[in-house]
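Next come the chains, spelled out residue by residue.
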Amino acid sequence: VETNGDIYVSKNENNVWSKPVPIGPNVNSKSLESHACISPDGKTLYFVSNRKGGFGGKDIYKSSLQADGSWGKAVNLGATINSPLDEESPFIQGDGKTLYYSSQGKESIGGFDIFTSKLSDDGFWSVPQNIGYPLNTTGNDIFYCPAGDNTVAYFSSIRPGGQGDQDLYEVNIIRDKEIF
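To keep things clear, this report deals only with the structure shown in the data block. (Residues numbered from 1 in each chain as written. Predicted model: local features only at pLDDT ≥ 70, side-chain atom pairs only at ≥ 80, totals over all residues. Heavy atoms only, no water.)

**A word on the packing of aromatic side chains**
At step 1: For the coordinates displayed, the defined rule picks out 5 aromatic pairs.
At step 2: For the ring pair Phe47 and Tyr61, a centre distance of 5.8 Å and an interplane angle of 20° mean the geometry is stacked. On the criterion of sequence distance, the pair formed by Phe47 in strand S6 (residues 44–49) and Tyr61 in strand S7 (residues 59–64) is long-range, its members being 14 residues apart. Taken as a pair, Phe47 and Tyr61 share a single burial class, namely buried.
At step 3: Between Arg51 and the ring centre of Tyr61, over which it is positioned, the NZ or CZ distance is 5.1 Å. (Phe/Tyr/Trp six-rings, centres within 6.5 Å; stacked < 30°, edge-to-face > 60°. Helix = DSSP H or I, 4+ residues; strand = E, 2+ residues; numbered from the N terminus. Buried < 20%, exposed > 50% of the residue type's maximum accessible area, 1.4 Å probe, protein only. Lys NZ or Arg CZ within 6 Å of the ring centre and 35° of its normal.)

Structure, rendered in structure tokens:
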């Protein structure tokens, strides 16, 4: 059973975390909001919501940091990224332009697959690319997160030999060419 959720913010000052507070009404709604990440420059929040007006199920939205420190109106990333089914777990890479996320509806091998898309200088997302097998399987493959220098990534999946339901996996990234 899905319940409504909100995104909260806590700040670490002098190694002490502040009490979490709701991120604000431009992001949080009466619907579910979850799986948030912030761009490296701290100016764009990407998150998942099942609010009305989307493309179906859960969609990925963004909100821009305003001059007063609040987050602006939530904007759906559009049909290039979102599908009639669910999208989950957005992660924006250190370049601030490469988005990784999971989708049930974008030419999926099965369940949720991990996709990547790149934001052009004129503000449009490229056609998402399924990152393929063996990372994507017929199960749910989500929460892809490249680390540090982009030579290692972590993700969650249900696979034979795992410990139960969703397990965390680490993968070494070997690039002989760029996707974009």
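That covers the picture; the talk isn't over yet.
**Comments concerning unusual backbone geometry**
At step 1: Cis rather than trans, the peptide bond between Tyr133 and Pro134 has omega equal to 15°.
At step 2: By the secondary structure assignment, Pro134 is in the loop between strand S12 (129–130) and strand S13 (142–147).
At step 3: The backbone of Asn14 shows a phi angle near 55°, a positive value even though the residue is not glycine.
At step 4: Tracing the chain through its elements places Asn14 in the loop between strand S2 (12–13) and strand S3 (16–17).

**Thoughts on the sheet that holds S12**
At step 1: Ordered by their spatial adjacency, 4 strands build an open sheet running S9-S10-S11-S12, and the pairing between neighbours is antiparallel. Strand pairing shows two members of the sheet lacking a second neighbour, strand S9 (87–92) and S12, which therefore form its edges.
At step 2: As defined by bridge partners, strand S10 (residues 98–103) adjoins strand S11 (residues 113–118) across 6 bridges and the pair is classed as antiparallel. Bridge pairing links Leu99 to Ser117 in S11. (Pairing = 2+ DSSP bridges.)

**Here's the deal with the environment of Gly123**
At step 1: Mapping Gly123 onto the fold places it in the loop between S11 and S12.
At step 2: You can call Gly123 partly exposed: its relative accessible area is 44%.
At step 3: For the pair formed by Gly123 and Tyr154, sequence separation is 31 residues and the distance between their alpha carbons is 28 Å.

**Describing the sheet that holds S7**
At step 1: In space, the 4 strands of this open sheet follow the order S5-S6-S7-S8, with antiparallel pairing throughout. Two strands bound the open sheet, and with one partner strand each, they are strand S5 (33–38) and strand S8 (75–76).
At step 2: Pairing of S7 with S8 involves 2 bridges; the strand directions are antiparallel. Among the inter-strand pairings, Lys62 is bridged to a residue of S8, identified as Val75.

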